[in-house]
Amino acid sequence: MKLIFAPLHGVTSAHYRNLHASVFGRLDTYGAPFIATSDFSQANPVLFKDIDPVSNTGDIHILPQLLSSDGKQFKDFATYIAAMGYTVIDWNIGCPFPSVTRKHKGSRLLESPDKIQAFLDTACSTNAYKISVKMRLGYRSAQEGLETMAILNQYPLAGVTIHARTGVQKYEGTVDLNGFDALYAHCRHEVTYNGDILSPSDFRRIQRRYPDIKKFMLGRGLLKDPLLAERIRGKTVTHQDYQQKIRAFHDGIFSHHASSAKNERQLYAQMKGFWSYLHETIDPHGRYIEKIQRSTSAAGYNKSVNALLNEPYAP
């Protein structure tokens, strides 16, 4: 069994990943937030800073990810990334956010299997790297996913991660396991399951249904409870230990943002991303999160955070 931390743009940066592994125990793989491709000759080197081996702890396995609808651009970017030491580059055709799909990228590409085929003809025309694919059941329907899978099966991919929702669902509603069943049955590549593993019991239910799947991607569940992977592995933790870990994690993230933020307003805006999921686990009744999110000064922010982290609660 291998557990993979799903990337979240703007949150799971290199510092976040390094600190998570140090405080809570590392996962088998950490997905890096996507890099959007462009004309490579005009690409800013800063784009690759997050996946630079210098920025990442040596024992953490990183999976770089590209968002692209142009096979030539993907190939240029992936070749550059491969020269950094990476052997597998993930292609994101699963992102459901409107800012991506209205550009006909991410999960919107699942409407156009002909474009996917043309893309892969170019992107796979080199031995410099292998491509893995992160997808959804389809953009609007699972039929789109089946048509896409028939194309993916024609290429030597490193694997396929399937999120068991359509793109238009975003993260709403429940996962469609029957739709996942159909894609899984047609896929000739190694499949990673993704979607609504929010607790150890969720994981056990999915594992029982798919005993042959060996890789599982955890996303929102890990953002809500950073110890989820360890709980899945059978580790228990006391309330006190959990609070200490959350405190260490928070302080490390806060210190990192404080060192680069232009002002306090920017700092607290960045911390909103940190709390946006985590508060659902450690502040389930919402007693503190509103005050934390409204904080505009160090005194007010620290007072609210200290009050929250002193609560005798752990999942």
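Before any of the text, the structure's been laid out above.
Source: prediction; values computed, not measured.

Which residues make up the overall build of the chain, and what are the values?
In terms of helices and strands, the chain carries 13 helices and 10 strands. Relative to the globule expectation of 20 Å for 315 residues, the C-alpha radius of gyration of the chain, 20 Å, shows essentially globular dimensions. Expressed along its principal axes, the backbone C-alpha trace of the chain runs to roughly 55 × 45 × 35 Å. The 315 residues of the chain split such that 52% are buried. Measuring between centres, the 38 positive side-chain charges of the chain sit 3 Å from its 29 negative side-chain charges.

For unusual backbone geometry, give the residues involved together with the corresponding values.
With a phi angle near 60 degrees, His104 is a residue other than glycine that sits in the positive phi range. Looking at the element boundaries, His104 is found in the loop between helix 3 (98-101) and helix 4 (113-123). Relative accessible area serves as the criterion here: at 37%, His104 is assigned to the partly exposed category. Backbone geometry at Asp196 places phi at a positive 60 degrees, although glycine is not the residue there. For Asp196, the position within the fold is in the loop between strand 9 (191-194) and helix 7 (200-209).

Would you mind going over the packing of aromatic side chains in detail, with residue names and values included?
Taken as a whole and judged by the stated rule, the model has 24 aromatic pairs. Between Phe5 and Tyr16, the ring centres sit 6.2 Å apart and the planes meet at 80 degrees, which makes this aromatic pair edge-to-face. One end of the pair, Phe5, is in strand 1 (residues 2-5); the other, Tyr16, is in helix 1 (residues 14-24), with 11 residues separating them in the sequence. Like Phe5, the residue Tyr16 is buried in the burial classification. Each member of the aromatic cluster is reached from another via a ring pair, and the members are Phe5, Tyr16, Phe24, Tyr30, Phe249, Phe274 and Trp275.

Summarise the layout of surface pockets; cite the residues concerned and give the values.
Its boundaries defined by the atoms lining it, the largest pocket holds a volume of some 750 Å³. In terms of lining, the largest pocket is formed by 25 residues, of which the most central are Gly10, Ser13, Ala14, Asp50 and His256. Listing elements by their share of the lining of the largest pocket, those giving two or more residues are helix 1, strand 3 (35-36), helix 10 (239-260) and helix 11 (264-282). At four residues, the largest contribution of residues to the lining of the largest pocket is made by helix 10. Partitioned by chemical class, the residues of the lining of the largest pocket number 12 nonpolar, 11 polar and two charged.

Residue-level account of empty space enclosed by the protein, with values.
Scanning all chains against the criterion turns up two cavities of 30 Å³ or more. Taken together, Tyr268, Met271, Lys272, Trp275, Ile292, Gln293, Ser295 and Tyr301 form the lining of the second largest cavity. For the lining of the second largest cavity, the elements supplying multiple residues, two or more each, are helix 11 and helix 12 (289-294). No other element matches helix 11, which puts four residues into the lining of the second largest cavity. Of the residues assigned to the lining of the second largest cavity, the class counts are five nonpolar, two polar and one charged.

Conventions used here
- Residues numbered from 1 in each chain as written.
- Predicted model: local features only at pLDDT ≥ 70, side-chain atom pairs only at ≥ 80, totals over all residues.
- Heavy atoms only, no water.
- Helix = DSSP H or I, 4+ residues; strand = E, 2+ residues; numbered from the N terminus.
- Rg over C-alpha atoms; globule rule 2.2 N^0.38 Å.
- Buried < 20%, exposed > 50% of the residue type's maximum accessible area, 1.4 Å probe, protein only.
- Lys, Arg positive; Asp, Glu negative; His and termini not counted.
- Charge placed at Lys NZ, Arg CZ, Asp CG, Glu CD.
- Phe/Tyr/Trp six-rings, centres within 6.5 Å; stacked < 30°, edge-to-face > 60°.
- 1 Å grid on protein atoms, 1.4 Å probe; cavity = no way out; pocket = protein on both sides within 12 Å on 5 of 7 lines; lining within 4 Å.
- Points joined across faces, edges and corners; volume = space filled by probe spheres on them.
- Nonpolar A, V, L, I, M, F, W, Y, C, P; charged D, E, K, R; others polar.

Purely geometric numbers; function is a separate question.
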